[in-house]
Amino acid sequence: MTRDVKEIFSGDSPPAPAALAAKVRTLAPSMTRSMQLVAEAVAGDPAGCAALTVTGLAELTGTSEATVVRTARLLGYPGYRDLRLALAGLAAHQESGRSPAVTADIAVDDPIAEVVAKLAFDEQQTLADTAAGLDTVQLGAAVAAASTARRIDVYGVGASSLVGQDLAQKLLRIGLIAHAHTDPHLAVTNAVQLRAGDVAIAITHSGSTGDVIEPLRVAFDRGATTVAITGRPDGPVSQYADHVLTTSTARESELRPAAMSSRTSQLLVVDCLFIGVAQRTYETAAPALAASYEALAHRHSPRSTR
């Protein structure tokens, strides 16, 4: 079975200025080095770059006019003129607010209070970037499919498996049949049983985790609706996804590996997906959620003493 795969970030309108910086952070790792130079320049100095012609930006970054135009299009803009308008808007937005007082670069000798401040800022930035870059059309389509699914399978390994388990248990509590698979063999054998009307969700920050891609491919071939939650929308996982939900790609550091930042953005997407499904199935979801609370209530009450 074959199905058309939509181009990533092929929306009808360019991203809003506030989403530009988030998009640069998300897509930069998958760009060529010359395109990265352009992307880093526009994200680092939107006001300065907004004042440059395409030739000026090419000279500033040591690239070519064609590279500048290709970068603008990859970021979602029809041409460089549209990117300049977005840069001007982003510059105005930044001037209206205050720059952050801390960065997320954690040193081995940082006081714990500073670690808390840096991590809190980085988590906030990760969530803001994910929200700004999340395609709500794709999210709505994934919500619609999950709301009527006969069965929902979720695939993830490592840190992503924890996010997958979180999603599955949420869906179970509102009465849906959902299972999180962390064993790659069981994931594939379960994916074989899927069919049209079922949903398969793959969670992979890199977009290239073979143990997650394989069961999603099997589910795709079986006719299930497939969803990828990934920080690399151009990665291999997307070719088997009907709907792609992009998470933020935060910078790594020696003391803060990608698993930490990716988990934060994945959890936001998972919560958005769950709330959307709960809204669409409210008549059955609300009673199911109430019943689960009631069933567990005695476990949260203080034990009586005699």
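Computed from a prediction, not measured in an experiment: that's the story for all the values here.

Student: Would you mind going over helix α5 (residues 65-74) with me for this structure?
Tutor: Residues spaced three or four apart along an α-helix point in a common direction, a consequence of the helix completing one turn every 3.6 residues. Within α5, the full set of buried residues consists of T67, V68, T71 and A72. All buried residues of α5 fall inside an arc of 140° around its axis, so they share one side. Where α5 ends, the next residue or the one after it, G76, has phi of about 110°, a positive value.

Student: What is the right way to read helix α4 (residues 54-61) from this model?
Tutor: Those residues of α4 that sit buried are G56, L57, A58 and T61. The positive-phi residue at the C-terminal boundary of α4 is G62, with phi of around 70°.

Student: Looking at this structure, how should I read the sheet that holds strand β4 (residues 225-230)?
Tutor: Overall, parallel pairing links the five strands, which are arranged β2-β1-β3-β4-β5 in an open sheet. Every interior strand has two partners, whereas the edge strands, β2 (178-181) and β5 (243-246), have only one. In this sheet, neighbouring strand axes are inclined to one another by 15° on average, regardless of whether the strands run parallel or antiparallel. Judged from the four bridges that link them, strand β1 (residues 152-155) and strand β3 (residues 199-204) form a sheet pairing that is parallel. Of the residues in β3, the one forming a bridge with V154 is I201. Against the sheet, helix α9 (residues 159-173) makes contact with β1, β2 and β3, and its axis sits at roughly 170° relative to β2, the strand it touches most.

Student: Can you help me understand the pairing of β4 in this one?
Tutor: For a regular strand, side-chain orientation follows a simple rule: the groups alternate between the two sheet faces. When you tally the buried positions in β4, you get five out of six residues, the bulk of the element. Summarising the sheet, β3 and β4 pair through six bridges and their orientation is parallel. Residue pairing for β4: T204 is matched across the bridge by T230. A crossover connection joins β3 to the parallel β4 through helix α11 (residues 210-222); in handedness this β-α-β unit is right-handed.

Student: Is there a simple way to explain the packing of aromatic side chains in this structure?
Tutor: Think of a pair of aromatic rings as described by two things: how far the centres are apart, and how the planes are tilted against each other in angle. For the structure on display, the rule yields one aromatic pair. Consider the rings of F220 and Y240, whose centres lie 6.0 Å apart with planes at 70°: the pair is edge-to-face. Highlighted residues: F220 in helix α11 and Y240 in the loop between β4 and β5, separated in sequence by 20 residues. Under the relative-accessibility criterion, F220 is labelled buried at 5%. Against the face of Y293 rests R173, its NZ or CZ located 4.8 Å from the ring centre.

Each value, and the rule that gives it
- Residues numbered from 1 in each chain as written.
- Predicted model: local features only at pLDDT ≥ 70, side-chain atom pairs only at ≥ 80, totals over all residues.
- Heavy atoms only, no water.
- Buried < 20%, exposed > 50% of the residue type's maximum accessible area, 1.4 Å probe, protein only.
- Helix = DSSP H or I, 4+ residues; strand = E, 2+ residues; numbered from the N terminus.
- Arc of directions from axis to C-beta.
- Pairing = 2+ DSSP bridges.
- Axes fitted to C-alpha atoms, helices over the stretch in contact; angles between N-to-C directions.
- Contact = heavy atoms within 4.5 Å.
- Right-handed = clockwise from strand over helix to strand, strands pointing away.
- Phe/Tyr/Trp six-rings, centres within 6.5 Å; stacked < 30°, edge-to-face > 60°.
- Lys NZ or Arg CZ within 6 Å of the ring centre and 35° of its normal.

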